[in-house]
2 protein chains.
Amino acid sequence: MTEPKAKAIHYTDVPALTFGDEAPGVTIRWVIDEPRDGAPNYALRVIEVAAGGHTPRHAHPYEHENFVVEGEGRVLIEDTWHAVGPGSVVFVPAGVHHTYENTGAAPFKFLCGIPTARHMPGAAS
Amino acid sequence: MTEPKAKAIHYTDVPALTFGDEAPGVTIRWVIDEPRDGAPNYALRVIEVAAGGHTPRHAHPYEHENFVVEGEGRVLIEDTWHAVGPGSVVFVPAGVHHTYENTGAAPFKFLCGIPTARHMPGAAS
């Protein structure tokens, strides 16, 4: 475990990573995480989806906790679409298929929290 | 444990609770939590601080992960103030004293994530 260390930054201080063809027009910034910050339980990421972009349609064995910061989009949870915008809160349990799409002309920005490695299924406790 | 259940809501769909004299002008909405949503690892709260308001200056044995959504404020982490605004990310490790103040004329809104009960210090694993 990394020793926990307080910080106050702007999310744009963290490099934006891309996904490639899996998620066109999408960047992710790991703004709080265990390896760098010593966050013991949860990793916080800021995801930006350009106009016309979308995240992968997938499922994984851990949950998402999302909060929409800017822009307009929609999220598919299993077989139901939900329109989302600033202030929307989405909880996607482990194993549930989902994808986010930007439906507007401006960037669509949302927070995406996931468990840190020690709380991932199969991790040593 | 509550069975996890997907949801897509607006944060204002969740009732705003007050703190009383401990935190004047502050409301909190538990937008994702274990007891209601079955979120296994992390509880997400939206905190709003009215102009002139502040959160308690305190410390506790679990971390905060914060993201500022709207407004202007400052956060005291131990003995250092940090100016924060939209897009600011703050990590407050367990045991570190902190307080948030609204320094603007509009509401100051931020997200505050904490571990769910099973990851609290002393909880049965």
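The rules behind these values
- Sequence positions are assigned chain by chain, starting from 1 and proceeding in written order.
- The order in which chains are written sets their letters, starting at A; the order in which ligands are written sets their numbers, starting at 1.
- Confidence filtering applies because this is a predicted model: local features only for residues at pLDDT of at least 70, side-chain atom pairs given and counted only at 80 or more, and all residues used for totals across whole chains, interfaces and linings.
- Pairing between strands is defined by DSSP: at least two bridges between them are needed.
- Per the convention used, a helix needs a DSSP run of H or I reaching at least four residues, while a strand needs a run of E reaching at least two, with both numbered from the N terminus.
- We superpose the copies by least squares over the C-alpha atoms of residues that have a pLDDT of at least 70 in both of them.
- C-beta atoms are first placed from the backbone for all residues, and any pair lying within 7 Å is then listed as a contact.
- Put simply, Ala, Val, Leu, Ile, Met, Phe, Trp, Tyr, Cys and Pro go in the nonpolar bin, Asp, Glu, Lys and Arg in the charged bin, and everything else, Gly too, in the polar bin.
- A score between 0 and 100, pLDDT records how confident the predictor is in each residue.

1. Structural notes on the sheet that holds strand β8 (residues 88–92) of chain A
Stage number 1. The antiparallel open sheet is built from 7 strands, whose spatial order is β2(A)-β3(A)-β4(A)-β10(A)-β5(A)-β8(A)-β1(B). Edge positions in the sheet fall to β2 (17–18) of chain A together with β1 (7–10) of chain B, since each has one partner strand and no second.
Stage number 2. Relative to strand β4 (residues 42–49) of chain A, strand β3 (residues 26–32) of chain A runs antiparallel, the two being bridged by 6 bridges. When the sheet's bridge partners are listed, Trp30 of chain A is paired in β4 of chain A with Arg45 of chain A.

2. Quick look at the relation of the copies chain A and chain B
Stage number 1. In screw terms, the move from chain A to chain B is a rotation of 180° and a rise of 0.0 Å along the axis, fitting with an RMSD of 0.0 Å. Look at the turn and shift together and you get a two-fold axis relating the two.
Stage number 2. Both copies contact each other with a shared surface, as 100% of the interface residues of chain A are interface residues in chain B too.

3. Looking at the interface of chain A and chain B
Stage number 1. Contact with chain A, which involves 40 residues of that partner, is made by 40 residues of chain B.
Stage number 2. Mapped by element, the contributors of at least two residues to the side of chain A that touches chain B are β1 (7–10), β3, β4, β5 (64–70), β6 (73–77), β7 (80–84), β8 and β10 (108–115) of chain A.
Stage number 3. Examining the composition of the side of chain A that touches chain B, we find that 5 residues originate from one element, β8 of chain A, more than from any other.
Stage number 4. Partitioning the side of chain A that touches chain B into residue classes produces 25 nonpolar, 10 polar and 5 charged.
Stage number 5. Pairing geometry for β8 of chain A and β1 of chain B, over 4 bridges, is antiparallel. Pairing of Val90 of chain A across the sheet is with Ala8 of chain B, part of β1 of chain B.

4. Focus on unusual backbone geometry
Stage number 1. Phi is positive for Glu78 of chain A, which is not a glycine, with a value near 55°.
Stage number 2. One can find Glu78 of chain A in the loop between β6 and β7.

5. Here we look at the environment of Ala6 of chain B
Stage number 1. Tracing the backbone shows Ala6 of chain B in the segment before β1.
Stage number 2. Considered as a pair, Ala6 of chain B and Asp37 of chain B are 31 residues apart in the sequence and their alpha carbons are 7.6 Å apart.

6. Quick notes on the confidence of the model for chain A
Stage number 1. Predicted confidence across chain A gives a mean pLDDT of 95, with 98% of residues reaching 70 or more.
Stage number 2. Across the interfaces of the predicted complex, the ipTM metric reaches 0.95, alongside a pTM of 0.96.

7. What about the pairing of strand β7 (residues 80–84) of chain B?
All names here are of chain B.
Stage number 1. For strand β6 (residues 73–77) and β7, the ladder comprises 5 bridges, and the chain directions are antiparallel. Within the sheet, the bridge partner assigned to Ile77 lies in β7 and is Thr80.
Stage number 2. Where β6 folds back onto β7 in an antiparallel hairpin, the turn is made up of 2 residues, including Glu78, whose phi is positive at roughly 55°.

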